[in-house]
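Fold and contact review
What follows is the residue order along each chain.
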Amino acid sequence: GFTPEQIEASGLLLQRQDGSGYYDRFRGRLMFPIHNESGKVIAFGGRALGDEEPKYLNSPETPIYRKSWVLYNLHRARNQIRKRDRAVLVEGYMDTIGVWASGVGEVVASCGTALTAHQVRMLRRHSDKVVVNFDPDSAGVSAAERSIQLLLEESVRVRVLQLEGGLDPDAYVRQRGAE
């Protein structure tokens, strides 16, 4: 029931360069719906299934989606964050899904961008304790350092979880479980 122009404004379609119509922005990608804190789908992330670049593609910013204002999975994790009085912060969709599926319900991620002060304040409304568990590669270490500084600036109590074996959080829980 939506016009192509409305779907293009949502970020799902792109107009062909020759103006002859539209094409699916996320074609050939595994899709991840991105929800706001109340659980409404406001955007999508897509992971390339082959060697396409970029590996991950997010919806563009729209009137209802500003990636620096959203934490992936917060709509599901917020009750567990309050109950356990901590959040586990990972880097991306796959880590969030894998860790969540293993039984760690207080897991969230920033949406394809560096953690922002607004995202930290969103987390802090639910708990002032955050466990940072980023990938062990150089990009993950660098992102963790920036995130830790930002969390500390917002008076969040931070712990860093470094997993054995050089595994990212998703691979770790698949091999060794949540405990």
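Described in the following lines is the structure provided in the data block. (Residues numbered from 1 in each chain as written. Predicted model: local features only at pLDDT ≥ 70, side-chain atom pairs only at ≥ 80, totals over all residues. Heavy atoms only, no water.)

1. Let's talk about the layout of surface pockets
So the rule is basically this: Cavities and pockets are defined on a 1 Å grid built over the protein atoms alone: a cavity is a set of grid points where a 1.4 Å probe fits but cannot escape, while a pocket is an open set with protein on both sides within 12 Å along at least five of seven lines, and lining residues are those with an atom within 4 Å of any such point. Grid points are joined across faces, edges and corners, and a volume is the space filled by probe spheres set on the points. Think of it this way: any DSSP run of H or I at least four residues long counts as a helix, any run of E at least two long counts as a strand, and we number them from the N terminus. Charged means Asp, Glu, Lys or Arg here, nonpolar means Ala, Val, Leu, Ile, Met, Phe, Trp, Tyr, Cys or Pro, and polar covers whatever is left, Gly included.
If you add up the space inside the second largest pocket, you get close to 430 Å³. R86, V88, V104, L161 and A178 are, among the 21 residues lining the second largest pocket, the residues nearest its centre. Of all the secondary structure elements, the ones that give two or more residues to the lining of the second largest pocket are β9 (129-132) and α6 (169-176). Classifying every residue of the lining of the second largest pocket gives 10 nonpolar, 5 polar and 6 charged.

2. Topic: helix α2 (residues 74-84)
Side chains that are three or four residues apart share a direction in an α-helix, a result of its 3.6 residues per turn. Worth spelling out the cut-off: Here the term buried applies to any residue with accessible area under 20% of the maximum for its type, exposed to any over 50%, and partly exposed to those in between, with areas from a 1.4 Å probe on protein chains only. To obtain the arc, one takes the directions from the helix axis to the C-beta atoms. In this analysis, two residues are considered to be in contact whenever any of their non-hydrogen atoms come within 4.5 Å of each other.
Burial in α2 covers these residues: L74, H75, A77 and I81. End-on view of α2: buried residues confined to an arc of 140 degrees, all on one side of the axis. α2 presents N79 and K83 as exposed residues on the side facing more than 90 degrees away from its buried surface. Here the buried face of α2 lies against β3 (29-35), β6 (71-72), β7 (87-90), α3 (93-101), β8 (107-110) and α4 (117-124). D85 sits one or two positions beyond α2 and adopts a positive phi of about 55 degrees.

3. Describing the environment of V99
As for its position among the elements, V99 is in helix α3. The contact partners of V99, leaving out residues within four places of it in the chain, are V104, V107, P169, D170 and V173.

4. As for the sheet that holds β9
Where we set the bar: The pairing criterion for strands is at least two bridges between them, as found by DSSP.
Judged by pairing direction, the sheet is mixed, and its 5 strands sit side by side in the order β6-β8-β7-β9-β10 without closing on themselves. Each of the sheet's edge strands pairs with one partner strand only, and the pair in question is β6 and β10 (157-160).

5. Observations concerning the packing of aromatic side chains
Stated formally: Ring pairs shown here join Phe, Tyr and Trp side chains whose ring centres sit within 6.5 Å, with only the six-membered ring taken for Trp; geometry is labelled stacked below 30 degrees between planes, edge-to-face above 60, and tilted in between. Should the NZ of a Lys or the CZ of an Arg lie within 6 Å of a ring centre and within 35 degrees of the ring normal, that charge is described as sitting over the ring.
All told, the structure shown has 3 aromatic pairs when counted by the stated rule. Each ring, one from F32 and one from Y93, has its centre 4.9 Å from the other, and the planes form 15 degrees; the classification is stacked. Taken together, the positions of F32 in strand β3 and Y93 in helix α3 put the pair 61 residues apart, joining distant regions of the chain. For Y93, a relative accessible area of 5% translates into the label buried. Taken together, the aromatic side chains of F32, Y56, Y72 and Y93 make up a single cluster linked through ring pairs. Lying over the aromatic face of W69, R66 brings its terminal NZ or CZ to 4.1 Å of the ring centre.

6. Quick notes on the pattern of salt bridges
Rules: The term salt bridge refers to a side-chain nitrogen of Lys or Arg lying within 4 Å of a carboxyl oxygen of Asp or Glu.
One pass over the structure, following the stated rule, counts 8 salt bridges. When the shortest N-O distance is used, the salt bridge between E154 and R121 registers 3.3 Å. Taken as a pair, E154 in the loop between α5 (138-153) and β10 and R121 in helix α4 lie far apart in primary sequence, 33 residues in all. Take R121: its relative accessible area is 41%, and that puts it in the partly exposed class. Residues joined in a network through salt bridges with shared partners are R84, R86 and E106.

7. Some points on the sheet that holds β3
Heads up, the rule is: Orientation is described by lines fitted to C-alpha atoms, with helices fitted over the stretch in contact, and by angles between N-to-C directions that extend from 0 to 180 degrees.
Across the sheet, 3 strands lie side by side as β3-β4-β5; this open sheet has antiparallel pairing. At either margin of the open sheet sits one strand with a lone partner, and together these are β3 and β5 (56-58). Between one strand axis and the next, the sheet turns by 25 degrees as a mean value, whatever way the strands run. Two strands pair when backbone bridges link them, and β3 and strand β4 (residues 41-48) are joined in this way by 7 bridges, in the antiparallel orientation. Residue F32 lies in a different strand from β4, and its bridge partner there is G45. The strands touched by α3 are β3, β4 and β5; relative to β3, the strand with the most contacts, the crossing angle is about 75 degrees.

The values are spatial; any link to function lies outside them.
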